[in-house]
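Chain by chain, the residues run as shown.
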Amino acid sequence: MVLRIPLRRSASFTPDHQPLMEVSSPTALKMEANMLVMGANSVGKSALTVRFLTRRFIGEYGDMESIYSHSLAMEGREILVHIWDVPCSQDWVDESSAKEKRVQWADGFVLVYSICDRASFNVLRPKVQVLKAAKEALSQEKVPIVIVGNKRDLHHQRAVSSEEGRLLALSMDCEFYEVSAAEAYHGALMVFQGLAERICEAKLALKKGTGIRSIVKSMSAVFARKRTDSL
Ligand SMILES: Nc1nc2c(ncn2[C@@H]2O[C@H](COP(=O)(O)OP(=O)(O)OP(=O)(O)O)[C@@H](O)[C@H]2O)c(=O)[nH]1
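Residues numbered from 1 in each chain as written. Predicted model: local features only at pLDDT ≥ 70, side-chain atom pairs only at ≥ 80, totals over all residues. Heavy atoms only, no water.

K.L.:
Whenever I open this one, the overall build of the protein chain confuses me. Can you help?
P.N.:
Summing up its helical and strand segments, the protein chain has 7 helices and 9 strands in all. For the protein chain, the residues scored as buried account for 44% of the 231 residues in total. (Helix = DSSP H or I, 4+ residues; strand = E, 2+ residues; numbered from the N terminus. Buried < 20%, exposed > 50% of the residue type's maximum accessible area, 1.4 Å probe, protein only.)

In structure tokens form, the structure reads like this:
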């Protein structure tokens, strides 16, 4: 596996950017995966994102909205990952069309809570429901979502058990990880790499479905024409 450090960072990324899936050759499959990182205030959204991108924990991150691009190579496939780190103030309060655009843009979601902050955990169930409903309205039935319990190093302040996190994820058909952005890189890697894989699987399944549907459609058209010709 090859990891490359961020290609670019942009605070003014346009949500109209539509990810493309291209196949340049059978051996080099290139895909793109758009991810939205969301969660309550100070749960470590930026810390987790920056840890994945740079392998570092820098302590303070500010609250600037950022989009990062990062190239991942997995099993002969290159995945260009775009990660949108949404500050809590915009994510939780903003009900505007900007929020809708963000959700449309995303192929998958990372929902972060802090294991020391029960309130940050409690908001996740309704959040997942809203995201799923929004994606279903766009005919995207199975949206990849990862729930992440962060700040695992602060176990003496724990307010949410691992079991609760796991059960929430299970009941909502999401992936689950408990990590410490402060202590280790591996957890962040698992979160983003796992989500990238799920997004690519979903896109390939969709493409396959569309392919089969279009073959069935053209065959039906041919048979319909033959029937008309023989009349
Ligand atoms: N102990 C510990 N502290 C963490 C961890 N992750 C983040 N922090 C700290 O938690 C604080 C908030 O981290 P951020 O990454 O800015 O959190 P955020 O969710 O992006 O914050 P907003 O976007 O402002 O809501 C910072 O002081 C971080 O240093 C962790 O795993 N363990």
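K.L.:
Is there a simple way to explain the pairing of strand S9 (residues 175-178) in this structure?
P.N.:
Two faces belong to every sheet, and in a regular strand the side chains alternate between them. Pairing between strand S8 (residues 145-150) and S9: 4 bridges, direction parallel. Pairing of valine 148 across the sheet is with tyrosine 177, part of S9. Each parallel crossover has a hand, and for S8 linked through helix H6 (residues 162-171) to S9 it is right-handed. (Pairing = 2+ DSSP bridges. Right-handed = clockwise from strand over helix to strand, strands pointing away.)

K.L.:
Explanation requested: the pairing of strand S6 (residues 77-85) in the structure shown.
P.N.:
The element S6 is largely enclosed, with a buried count of 7 among its 9 residues. Note: strand S5 (residues 66-74) against S6, 9 bridges, orientation antiparallel. Bridge pairing in S6 links alanine 73 to glutamate 78. Counting the residues between successive antiparallel strands, the hairpin from S5 to S6 contains 2 residues, one of them, glutamate 75, with a positive phi of roughly 50°.

K.L.:
Hey, could you run me through the nonpolar core in this one?
P.N.:
Met35, Leu48, Val110, Val191 and Phe192 are the most contacted members of the largest nonpolar core, which totals 33 residues. When contributions to this core are tallied by element, the ones reaching two or more residues are strand S4 (29-39), helix H1 (45-54), S5, S6, strand S7 (108-114), S8 and helix H7 (186-229). By residue number, the principal contributor to this core is H7, which donates 8 residues. By size, the runner-up hydrophobic cluster in this structure holds 25 residues, among which are Ile115, Phe121, Leu131 and Met172. (Core = buried A, V, L, I, M, F, W, Y, C linked by side-chain atoms within 4.5 Å.)

K.L.:
Could you clarify how one ought to interpret the packing of aromatic side chains in this entry?
P.N.:
Geometrically, a pair of aromatic rings is defined through the distance of the ring centres and the angle of the planes. Enumeration over the complete set of coordinates arrives at 4 aromatic pairs. Ring geometry for tyrosine 113 against phenylalanine 121: centres 4.9 Å apart, planes inclined by 65°, an arrangement best described as edge-to-face. As far as the burial class goes, tyrosine 113 and phenylalanine 121 line up, both buried. (Phe/Tyr/Trp six-rings, centres within 6.5 Å; stacked < 30°, edge-to-face > 60°.)

K.L.:
Is there a simple way to think about the environment of leucine 168 in this case?
P.N.:
Along the chain, leucine 168 turns up in helix H6. With relative accessibility at 3%, the residue leucine 168 sits in the buried group. Sequence separation of leucine 168 and phenylalanine 121 is 47 residues, and the distance between their C-alpha atoms is 9.5 Å.

K.L.:
Would you mind going over the site of the ligand with me for this structure?
P.N.:
Near the ligand you find 21 residues, and of these Lys45, Ser46, Ala47, Gly59 and Asp153 are the closest. Here asparagine 41 contributes a side-chain N or O atom positioned 3.2 Å from an oxygen atom of the ligand. Counting residues per element, the shell around the ligand draws most heavily on H1, which supplies 3 residues. Residue composition of the shell around the ligand, by class: 10 nonpolar, 7 polar and 4 charged. (Near = heavy atom within 4 Å. Polar contact = N/O pair within 3.5 Å; in protein donor to acceptor, adjacent residues only side chain to side chain. Nonpolar A, V, L, I, M, F, W, Y, C, P; charged D, E, K, R; others polar.)

K.L.:
What should I look at first to understand the confidence of the model for the protein chain in this one?
P.N.:
The predicted coordinates ought not to be read in detail in places where the model reports low pLDDT. On average, residues of the protein chain carry a pLDDT of 82, and 74% of them reach 70 or more. Low pLDDT, under 50, characterises residues 1-27; the stretch is placed with 59 contacts to residues that sit more than four places away or in other chains. Across the interface, the model reports ipTM at 0.99; the global pTM reads 0.81. (pLDDT = per-residue confidence, 0-100. Contact = heavy atoms within 4.5 Å.)

K.L.:
In this structure, what is going on with unusual backbone geometry? I would like to understand it.
P.N.:
The phi torsion of most residues other than glycine is negative, and most of the peptide bonds are trans. The backbone of serine 42 shows a phi angle near 60°, a positive value even though the residue is not glycine. Here serine 42 is to be found in the loop between S4 and H1. Although it is not a glycine, lysine 151 sits at a positive phi angle of roughly 70°. Its place among the elements puts lysine 151 in the loop between S8 and H6. Residue classification places lysine 151 among the partly exposed residues on the basis of a relative accessible area of 26%.

K.L.:
Before we go on, may I ask you to explain the pattern of salt bridges in this structure?
P.N.:
Between side chains of opposite charge, pairing is possible as soon as their charged atoms come close. This model, assessed by the stated rule, comprises 7 salt bridges. We note a salt bridge from lysine 142 to aspartate 173, for which the minimum N-O separation is 2.7 Å. Here the residue lysine 142 occupies a position in the loop between helix H5 (124-137) and S8, and aspartate 173 occupies one in the loop between H6 and S9, the gap between them amounting to 31 residues. Of the residues examined, lysine 142 reaches a relative accessible area of 55% and is grouped as exposed. In this structure aspartate 173 comes out as partly exposed when scored by relative accessible area, which is 42%. In this structure, glutamate 163 engages arginine 166 in a salt bridge whose closest nitrogen and oxygen atoms are separated by 3.6 Å. Pair noted here: glutamate 163 and arginine 166 are both in helix H6, with a separation of 3 residues, about one helical turn. Through salt bridges with shared partners, a single ionic network connects Arg152, Arg158 and Glu178. (Salt bridge = Lys/Arg side-chain N within 4 Å of Asp/Glu carboxyl O.)

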